[in-house]
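Here is what each chain is made of, one letter per residue.
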Amino acid sequence: MPFTWSTPTATRSSTPDRTRRRGAIAKIAPRLFLRCGRPTLSDAVRRCPLPTDPTTPRPSASFRTTVRCLFLPEMNGPNAIFATVAAVLLFAGGCDLVEYHPYDTRITGRTGINAANARRIDEACAGRRSIRFALVSDTQRWYDHTRDAVASINRLEGIDFVIHCGDLSDFGATKEFLWQRDILEGLRVPYVCLLGNHDCLGTGEEVFAEVFGPPDFAFTAGPVRFVCLNTNAMEFDYSRPVPDFGFIGRELEHFPSGVGRTVFAMHVQPGEFQFNNNVARVFEWYLNQFPGLECCLFGHGHHMAALDLFGDGVMWYAVSSIEKRQYLVFTVDEQGHAYETVDF
């Protein structure tokens, strides 16, 4: 942001109404600070001009009020010059320079990523008897590490796609998703992202749905069907079916012909407190109904692990957070699957 925000110091005595107004300003636009000292400009520049293009989103009334409240009368000297320049820069962009709120759901850039990239994966791997993919997870806050992981994956030969097992964000803020998306867009191969428990905070679920897609989805890569699930039951207070056995049942009923293997991916594994462990055994039973259940993949724990979770011979693999500067690479072929840990 080109500006930082500090609540202006008024020369007049504060009243309860003025105090509430300053508190509202801090809540409405926490990233914008105009360090104007003792404010401000003439009435002529107090109101943020609305865009004349009907396709341009109009600032809300509450936001326009916020802008007006930032400018108080009787400013002079260097502070007036600084405030004038700041106002010109701000208003010239039609308020586009302003972050309205960390949980504002207005999205810029690419959306519907999972569905589009799933089609790319399906087309690129059609007819293949073996596939190779990278698995990452829990990239929240570690943007530089994520960039380095993207660069590392791009240097590998033969990677068909990337699965992100969730927690792109730490607080569910819109910008977190967009920043992570923009970094992942640097991959040379298609990628898909799962919903993590941190991604459900604030308006995160809504933003995730627009940028990436539904929390439950599936795609085919060569001989393997990948079923990706939302397993963050605690984030939904058990008010919705998480995991969604209806979705799982439909996937089983309409399993693609000619595909003989299944891999499940999720953020939270059974046995972890975020999972609905009342249905853990039912979940295991459903998974074992799928053709050629190869393995299950998950993140959340921020560490690597390989375990037979239910003692039924099906391996479950955890990938660490990107903070550890590690990810996994899997190969699935006619002999089964193999994996390796990549340090970068």
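Refer to the structure above for everything that follows.
Rules of the game
- Residues numbered from 1 in each chain as written.
- Predicted model: local features only at pLDDT ≥ 70, side-chain atom pairs only at ≥ 80, totals over all residues.
- Heavy atoms only, no water.
- Helix = DSSP H or I, 4+ residues; strand = E, 2+ residues; numbered from the N terminus.
- Buried < 20%, exposed > 50% of the residue type's maximum accessible area, 1.4 Å probe, protein only.
- Pairing = 2+ DSSP bridges.
- Right-handed = clockwise from strand over helix to strand, strands pointing away.
- Phe/Tyr/Trp six-rings, centres within 6.5 Å; stacked < 30°, edge-to-face > 60°.
- Lys NZ or Arg CZ within 6 Å of the ring centre and 35° of its normal.
- Salt bridge = Lys/Arg side-chain N within 4 Å of Asp/Glu carboxyl O.
- Axes fitted to C-alpha atoms, helices over the stretch in contact; angles between N-to-C directions.
- Contact = heavy atoms within 4.5 Å.
- Polar contact = N/O pair within 3.5 Å; in protein donor to acceptor, adjacent residues only side chain to side chain.

> So what exactly am I meant to see when it comes to unusual backbone geometry here?
With glycine set apart, most residues show a phi of negative sign, and most peptide bonds adopt trans. Look at the link from Val 242 to Pro 243: it is a cis peptide, with omega at 0°. Residue placement: Pro 243 occurs in the loop between β5 (224-229) and α8 (245-253). If you check the backbone angles, His 300 has positive phi at about 75° while not being a glycine. Examined against the element boundaries, His 300 turns out to sit in the loop between β7 (293-298) and β8 (305-307). Using a relative accessible area of 14% as the deciding quantity, one classes His 300 as buried. For His 302, which is not glycine, the phi torsion reads 65° and is therefore positive. With respect to the helices and strands, His 302 occurs in the loop between β7 and β8. Residue His 302 is classed as partly exposed on the basis of its relative accessible area, which comes to 21%.

> Explanation requested: the pairing of strand β2 (residues 161-164) in the structure shown.
Both faces of the sheet carry side chains from a regular strand, because those side chains alternate between them. Of the two faces of β2, both are covered, the one formed by Phe 161 and Ile 163 as well as the one formed by Val 162 and His 164. Pairing of strand β1 (residues 131-136) with β2, which is carried by four bridges, proceeds in the parallel orientation. Note that in β2 the partner of Ala 134 across the bridge is Val 162. In terms of handedness, the path from β1 via helix α5 (residues 143-155) over to β2 forms a crossover that is right-handed. Relative to strand β3 (residues 191-193), β2 is paired through three bridges, and the arrangement is parallel. From the neighbouring strand, Ile 163 faces β3, where its bridge partner is Val 192.

> Explain the packing of aromatic side chains here, please?
When we look at a pair of aromatic rings, we describe it by the centre distance and by the angle of the planes. Counting across every chain of the model gives 19 aromatic pairs. Residues Phe 275 and Phe 283 carry aromatic rings whose centres are separated by 5.2 Å and whose planes lie at 65° to one another, so their mutual orientation is edge-to-face. The exposure classification of Phe 275 matches that of Phe 283, with both residues buried. A centroid spacing of 5.8 Å and a plane angle of 35° characterise the contact between Tyr 327 and Phe 344, whose relative ring orientation is tilted. Here Phe 344 lies in the segment after β11 (336-343) and Tyr 327 lies in strand β10 (residues 326-333), a separation of 17 residues in the sequence. Three or more aromatic residues joined by ring pairs form one cluster here, namely Phe 133, Phe 161, Phe 219, Phe 226, Tyr 317, Phe 330 and Tyr 339. The side chain of Arg 141 reaches across the aromatic face of Trp 142, ending 5.0 Å from its centre.

> Help me understand the pattern of salt bridges, please; the structure alone is not making it clear to me.
According to the stated counting rule, one finds 13 salt bridges in the structure shown. Between Arg 281 and Glu 284 there is a salt bridge, and its shortest N-O distance comes to 2.8 Å. Linking Arg 281 with Glu 284, this pair stays in helix α9 (residues 280-287), spanning three residues, or about one helical turn. Of the residues examined, Arg 281 reaches a relative accessible area of 56% and is grouped as exposed. What makes Glu 284 buried here is its relative accessible area of 13%.

> How should the sheet that holds strand β6 (residues 261-266) be read in this particular structure?
As a general point, the strands of a sheet are linked pairwise by backbone hydrogen bonds and lie either parallel or antiparallel. Sheet architecture is open: six strands sit in the order β4-β5-β6-β7-β9-β8, paired in mixed fashion. In this open sheet, the two edge strands, each paired with only one partner strand, are β4 (217-221) and β8. Put simply, the sheet's adjacent strands are angled 20° from each other on average, direction ignored. Here β6 runs beside β7; their pairing, made up of four bridges, is parallel. When the bridges of β7 are listed, Val 263 appears paired with Cys 295. On the sheet, α8 packs against β4 and β5 and is oriented at approximately 170° with respect to β5.

> Hey, could you run me through the side chain of Asp 170 in this one?
Position of Asp 170 relative to the elements: it lies in the loop between β2 and α6 (174-184). Owing to a relative accessible area of 9%, Asp 170 belongs among the buried residues under this scheme. A distance of 2.7 Å separates a polar atom in the side chain of Asp 170 from a polar atom in the side chain of Arg 141.

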